[in-house]
Every structure is written in structure tokens, then in C-alpha cells.
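Each chain, letter by letter, is given below.
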Amino acid sequence: MVSGLILVLIVLAFVLIVIEDVIHVNKAKTTLFFGTLCWIIAYIAPLNGYDAETLQHKLDHNILEIATLWLFLMAAMTFVAYLNSKGFIQNLVRRVMPERISERKLLFLVGAFAFVFSSISDNITATLISLAVVMSLGLESRKLLRFATLIIFSVNSGGVSLITGDVTTLMIFLAGKVTIDNLLLLILPSAASVALLAAMLSIGLNDEVRFEPVANQPVAKTDIAIAAIFLCTIAATLMLSVWYSVPPLLTFLFGLSTMFLCAQFLMRQKVVDKKIIDYIREIEYDTLLFFVGVLLLVGAMKEIGVLAQFTKLYQLLSPMAANYVMGLLSAMVDNVPLTAALLKAEIAMDGRQWLAFTYATGVGGSMLIIGSAAGIIAMSKVRELTFLSYLRMSLYLLIAYSCGYLGAYWAGGLIG
């Protein structure tokens, strides 16, 4: 009875996200309301007969995941907020890019940048930087949606072949299902699927983008220093995570504190409009609250046993078909608990099938705007990007995902 009620509330919450444009109620408000309500009900009418102590333990675990992501987002978004406010990213792009470039070529360049950058950093940072570049161009809504769609897919595709690029890839690697050299086989099919999506989305993009010439004005030392700290933080996050298993959150918070201290030193003799720490106030707290609400809902889904039901697919379908469907399901359910549920089920699959599953769960979340962190961030940053507007791109996304999945399965055949 309690599980059924919670499931109804979860479905209602996701429906309200879908019809946000119709009801004009911010998705952060609805997800936070229903996410907290589900857990309150679980306490009032004990879920699965759990006592308060057991429920507290489960909620604490869920809150820890939320807090980790929330703080990481806060740190990354503060860096980007500062650099954007100073026009650093836009000016850098204009210095590098030619005065004129076709929209089609620009689309491919943005897709390649998002793919590569997400491979060497985290998906959140790659999405924020890529969107900052595109949104500075003043594109019309129809075209901006195409660029945002490609960025989401490219970011999710770029990190799938590295254990530092995607959490589910790391989980599968730590479980001993794939090796580092196995994962590198995913680079080619992932890149090819991004190129295919870019080719489809570029149809009808026949205009040129003009970049206004940038005067050779000196860049403030503070801006250069903070940009350098940002890049060093990304590199340190990658290396320390691989070499010493340092949590990415810890490294990014250290980088943020370094930014504050260095800026304080560099600005000590200058008259400034605002203190460096005040840029925290410029980040999109709607995005952060939306994440809290969504992850509370996903945590509730896990506790009522919905995620465990997905593993029954492997009793009905072949591993190849079931993995493909699991990738699509990861667009509706967070791929981390979904992967955890599958690993705990100890389903028998060979290296080729596990490699295909790695691609599916890493990229499948791109099918829906709420299916990945990249999509959620993009939806909060691009006003025109909604659940329904993104859904119009579903055919293109499905084709690219399907081809990438087949490529991943083919690449798995090369495993010795």
C-alpha cells in the first residue's frame, strides 16, 4: 500500500516535469515537494516494515549522494560563473575562432569539443563550458536547441570509455567486468555516434556565424590565474582520482578554496565591484534544488524495489537486447542505482556484453532531458530547452544511440 502510494507520487512528479511549460510551475519546486513527501510518508507509514533507525540509515545514504553532487556542482558552477561574468570564455573563443564559420562546421566543432573535454574532465564541467560557448553566440532558439542536444549527447558519450569519465563505467570496472584496455575500444563507436548525430542535426543549418573581432586588450591577471586554477583543478581531479582514489568533490572544493585565496591576494590593491566569494550567489540554485528533488525521488524508487524489477529483463530477453533496453531505461531512472542493481543480481554476461552494457548505461540517459546530469544542467541553462522540445529530437538521438550501441557490441568482439 505504502509502496504503491509512493510510486504514484513519483510518477506524478515526473509528469509535472514533462508539462512544466503548460502549468508554469518550476520543476525544482515540484520535484523537491514530491521527493521530500515520499520520504516523509515512508517514515509515517513504515516502508517495508522498516523501523525508524533503518529508514534513517537509508535516507542518510541518499542524502550523502545528494550532498556530494550538490557541493561538486556548486564548486564547478562558481568557477564558470566568474569566468562568464568577466567574458573570459567568450573572448577566448572569439580569439581562436575565425571571423566567419558555417553553422554546420561550428556544430561539429562544438560536438568534438564537448566529447573530448568530457573525456578529460567531468560531465558537469564539460556541459557548463560547452553551453557557455554556444550561448554567447546569440543563436535563434531553433538552432540553439540543436547545439544543446548535441552537447548533451557528446558529453555523455565522451566519458563512457574512461573510468574517470562516468560513474557507471567506474562501477563496472571495479566489479571486474571490464578492463581499461577493453574500455578504450569504446572510443571509436562513441565518437562515430556523435559524428552521426551532428550530421543529422546539421541538416538545414546553412547560415554563417560571425564572430566580432576582439581588440587585443590585456586580460586581467586575476582572470588568467582563476582560469589556470580551474584547468589545474580539472586535471588534478582526474589524476588524484586515478592514482590515489581521492574523491573528485574534495579536489574541486580544494580548487575552489585556492581560487578564493589567490583572488584575495591578487585583488588586495584593487577596487572591485564584488568580492570573489560573492560569485557563489550567481550560480543557478534552481538547478541544485532540482537535483535534490530528483535524487530524492530516485532514492525512493530504489527503496520500493522498482529498480530491482529491471533486472528481470534478462530473463525475458537476450543479454544484447536487454542491455539495449536498460540503456533506454536509464533515461528515466538514474543509471547509478540501475547499474548497482544489475551488478548485485550477478547476471552472467561475457566481456563483450558487459562492454555493450557500459556504453548503454553511459549514453542511454541522453534519450530524455532528465536522463542525465548533462541534460538537467542544460535544461536549467537554456530557457528554450524543455522536456517536450528535447523530445522532438528523440528520433535523431535514438538513431545515434542505436548505432553507437551496435558499434560498442562490435568493438567488444575484439576482446581477446
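Nothing here was measured: the structure is a model prediction, and the numbers come from that model. The numbering scheme is per chain: residues are counted from 1 as the chain's sequence reads. The predicted origin of the model limits local features to residues at a pLDDT of at least 70 and limits the giving and counting of side-chain atom pairs to 80 or more, whereas totals for whole chains, interfaces and linings rest on all residues. Each side-chain value is derived from all of the structure's non-hydrogen atoms; neither hydrogens nor water enter the calculation.

**Here we look at the pattern of salt bridges**
Turning to step 1, where the next piece is worked out: Should a side-chain nitrogen of Lys or Arg be within 4 Å of a carboxyl oxygen of Asp or Glu, the pair is scored as a salt bridge. One pass over the structure, following the stated rule, counts eight salt bridges.
Turning to step 2, where the next piece is worked out: With its nearest N and O atoms 3.7 Å apart, the salt bridge here joins Glu 140 to Lys 143.
Turning to step 3, where the next piece is worked out: By relative accessible area, Glu 140 is classed as partly exposed at 42%.
Turning to step 4, where the next piece is worked out: Notably, a salt bridge pairs Asp 278 with Arg 281, separated by 3.8 Å at the nearest N-O pair.
Turning to step 5, where the next piece is worked out: Accessible area is worked out with a 1.4 Å probe on protein chains only. A residue is then buried under 20% of its type maximum, exposed over 50%, and partly exposed in between. Using a relative accessible area of 67% as the deciding quantity, one classes Arg 281 as exposed.
Turning to step 6, where the next piece is worked out: When salt bridges with common partners are traced through the structure, they connect Glu 103, Glu 140, Arg 142, Lys 143 and Asp 207 into a single cluster.

**Quick look at the packing of helix α8 (residues 141-158) against helix α19 (residues 351-363)**
Packed helix pairs are characterised by how far apart their axes lie and by the angle those axes make with each other.
Turning to step 1, where the next piece is worked out: Lines fitted to C-alpha atoms define the axes here, with helix axes fitted over just the stretch in contact, and angles between the N-to-C directions of these axes take values from 0 to 180 degrees. A run of H or I in DSSP counts as a helix once it spans at least four residues, and a run of E counts as a strand once it spans at least two, with each numbered from the N terminus. At their nearest, the axes of α8 and α19 sit 8 Å apart, and the two run at 145° to each other. For the element pair α8 and α19, the recorded crossing hand is right-handed. Seen from α8, the contacting residues are Phe 153, Asn 156 and Ser 157; seen from α19, they are Tyr 359, Gly 362 and Val 363.
Turning to step 2, where the next piece is worked out: Here the nonpolar group is Ala, Val, Leu, Ile, Met, Phe, Trp, Tyr, Cys and Pro; Asp, Glu, Lys and Arg are the charged ones; every other residue, Gly included, is treated as polar. By residue class, the composition of the contact of α8 with α19 is three nonpolar, three polar and no charged. By convention, the crossing between two helices is left-handed when the near helix turns anticlockwise from the far helix through less than a right angle, and right-handed when the turn is clockwise. Contact criterion: two residues are considered in contact whenever any of their non-hydrogen atoms come within 4.5 Å of each other.

**Re the nonpolar core**
Turning to step 1, where the next piece is worked out: In these notes, a set of buried Ala, Val, Leu, Ile, Met, Phe, Trp, Tyr and Cys residues joined through side-chain atoms within 4.5 Å is what counts as a nonpolar core. Core analysis: the biggest nonpolar cluster contains 137 residues, and Ile 6 and Phe 153 have the highest contact counts within it.
Turning to step 2, where the next piece is worked out: Residue contributions to this core peak at 14 residues, all from helix α4 (residues 52-85).
Turning to step 3, where the next piece is worked out: Non-local contacts of Phe 153, meaning those with residues more than four positions away in its chain, are made with Ser 193, Val 194, Leu 197, Tyr 359, Val 363, Ser 366, Met 367, Leu 397, Ala 400 and Tyr 401.

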